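Take a look at the letters that make up each chain.
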Amino acid sequence: MERVRNAVLFVMLAGVLATPFVGGSAAPWAGGAQEKAAKVTYAPVPGGDYNIDPAHSIIGFSIRHLEIAWVEGRFKDFKGTIHYDEKDVTKSSVEFTAKVASIDTGVEPRDKHLRTADFFDVEKFPEMTFRSTRVERNGKDGYVLHGDFTLRGVTKQVQLPFAVTGAIKDPWGNTRFGVKAQTKINRRDYGITWGKALENGGIDVGNEVTIDLQLEAVKPAPKPAGR
């Protein structure tokens with residue numbers, strides 16, 4: 001009998017938890033309405049000046065470790081602007097600056113080492129910067145951003161293939177669009193040479209670094225007249 005009572009109670013409890021409405025209103029644990037999302041309709045990206053939203057953007061990287069796995073990280077303190085030319089995207093431009101000390105690989109002792117002169121030497125070179133020089137088309141919907149990338153006091157020309165997603169109006173009336181870009185650099189080109197050879201070949205810290213950018217660009221909604 002005890003087993004039967006427990007089974008009945010379990011069924012009753014499961015029925016209550018599965019019911020999204022109680023007394024005609026959403027149950028407090030239901031987490032709000034879970035309506036089927038409508039298909040997104042993107043608008044053409046309006047021209048103008050946009051700020052990169054650091055709360056919804058990632059400046060990430062990955063590098064080979066011991067020739068067997070990848071270590072990923074990101075820079076958490078950065079700012080940037082995008083000037084978007086809707087009539088001719090190739091006339092658009094991008095600038096950003098990141099505080100190198102904000103590096104985060106999820107392991108604090110490693111991050112401390114990366115901030116030293118063995119790697120980024122953040123006391124002497126606190127920022128890395130990028131300033132675009134031109135944009136070119138790459139197929140129907142792709143582009144390549146060319147620009148000067150400065151790291152550890154060394155400036156090199158880099159190419160960033162990218163794609164644009166957008167635009168949408170956010171819940172506050174601002175215009176947003178997304179940018180996804182990826183490229184590779186050699187850390188030794190920027191004077192970061194720390195590492196040693198492994199007995200079975202290769203090196204403990206890879207030379208090639210993959211840069212991944214996931215960016216949200218936002219243009220504030222116009223202020224009402226008279227304010």
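Nothing here was measured: the structure is a model prediction, and the numbers come from that model. Residue positions are counted from 1 within each chain, in the order its sequence is given. The predicted origin of the model limits local features to residues at a pLDDT of at least 70 and limits the giving and counting of side-chain atom pairs to 80 or more, whereas totals for whole chains, interfaces and linings rest on all residues. Here the side-chain values reflect all heavy atoms present in the structure, with hydrogen atoms and water set aside.

Draft legend 1. Structural detail: the packing of aromatic side chains. Stacked, tilted and edge-to-face are the three classes assigned to paired rings of Phe, Tyr and Trp, where Trp is represented by its six-membered ring and a pair needs centres within 6.5 Å; plane angles under 30 degrees give stacked, over 60 edge-to-face, the rest tilted. Enumeration over the complete set of coordinates arrives at 8 aromatic pairs. Ring plane angle 85 degrees and centroid distance 4.9 Å describe the contact between Tyr 50 and Phe 177, whose orientation is recorded as edge-to-face. Of the two residues, Tyr 50 sits in strand β3 (residues 48–52) while Phe 177 sits in strand β12 (residues 175–186), which places them 127 residues apart along the sequence. Relative accessible area serves as the criterion here: at 1%, Tyr 50 is assigned to the buried category. Think of it this way: any DSSP run of H or I at least four residues long counts as a helix, any run of E at least two long counts as a strand, and we number them from the N terminus. Whether a residue is buried, partly exposed or exposed follows from its accessible area with a 1.4 Å probe, protein chains only, as a fraction of its type maximum: under 20%, in between, or over 50%, in that order.

Draft legend 2. Structural context of the confidence of the model for the protein. One number per residue, pLDDT, summarises how confident the predictor is, and it ranges from 0 to 100. Summing up the model confidence of the protein, the mean pLDDT is 86 and the portion of residues at 70 or higher is 83%. Confidence scores differ between elements of the protein, with strand β1 (residues 21–22) showing the lowest mean pLDDT of 39 and strand β8 (residues 103–104) the highest of 98. Here residues 7–30 is a poorly scored stretch, pLDDT under 50, and it has 10 contacts once near neighbours within four places are set aside; other chains count. Whether two residues touch is decided by their heavy atoms; if any such pair falls within 4.5 Å, the residues are in contact.

Draft legend 3. Broad picture of the pairing of strand β6 (residues 78–84). Residue alternation in β6 divides its side chains into a buried set, Phe 78, Gly 80, Ile 82 and Tyr 84, and an unburied set, Lys 79, Thr 81 and His 83. Pairing between two strands is assigned when DSSP locates at least 2 bridges connecting them. Strand direction decides the pairing type here: β3 and β6, joined by 4 bridges, are antiparallel. Pairing of Gly 48 across the sheet is with Tyr 84, part of β6. Two strands pair when backbone bridges link them, and β6 and strand β7 (residues 93–99) are joined in this way by 6 bridges, in the antiparallel orientation. Paired with Lys 79 across the strands is Thr 97, a residue of β7.

Draft legend 4. Up close: the pairing of strand β13 (residues 205–219). Bridging between β3 and β13 involves 2 bridges; their strand directions are antiparallel. Bridge pairing links Asn 51 to Val 218 in β13. Of the pairings in the sheet, the one linking strand β4 (residues 58–65) to β13 comprises 7 bridges and is antiparallel in character. Bridge pairing links Ile 59 to Leu 213 in β13. Where β12 meets β13, 12 bridges bridge the pair, whose relative direction is antiparallel. Each bridged residue has a counterpart across the sheet, and for Val 179 the counterpart in β13 is Leu 215.

Draft legend 5. Representation of the environment of Gln 157. Within the secondary structure, Gln 157 sits in strand β11 (residues 154–169). When sequence neighbours within four positions are dropped, the list of residues in contact with Gln 157 reads Thr 133, His 146, Gly 147 and Asp 148. Nitrogen and oxygen atoms within 3.5 Å of one another constitute a polar contact, given that in protein one can donate a hydrogen and the other can accept it, and given that sequence-neighbouring residues count only through two side-chain atoms. There is a polar contact of 2.8 Å between the side chain of Gln 157 and the side chain of Asp 148.

Draft legend 6. The nonpolar core, seen in detail. In this description, a nonpolar core means a group of buried Ala, Val, Leu, Ile, Met, Phe, Trp, Tyr and Cys residues linked to one another through side-chain atoms lying within 4.5 Å. Counting 44 residues, the largest nonpolar core has Phe 75, Ile 82, Phe 120, Met 128, Phe 130, Phe 149 and Phe 177 as its most contacted members. Residue contacts for Phe 149: discarding those within four places in its chain leaves Met 128, Thr 129, Phe 130, Val 154, Thr 155, Lys 156, Val 158, Ile 185 and Tyr 190.

Draft legend 7. Expanded view of the pattern of salt bridges. We define a salt bridge as a contact between a side-chain nitrogen of Lys or Arg and a carboxyl oxygen of Asp or Glu at a distance within 4 Å. Counted according to the given criterion, the structure contains 7 salt bridges. Taking the shortest distance from any N to any O, the salt bridge between Glu 95 and Arg 131 comes out at 3.4 Å. Of this pair, Glu 95 sits in strand β7 while Arg 131 sits in strand β9 (residues 127–138), and the two are 36 residues apart along the sequence. Take Arg 131: its relative accessible area is 52%, and that puts it in the exposed class. Close ionic contact of Arg 115 with Glu 108 constitutes a salt bridge, the shortest N to O distance being 3.2 Å. Taken together, the shared-partner salt bridges in this structure form one network comprising Asp 53, Asp 170, Arg 176 and Glu 216.

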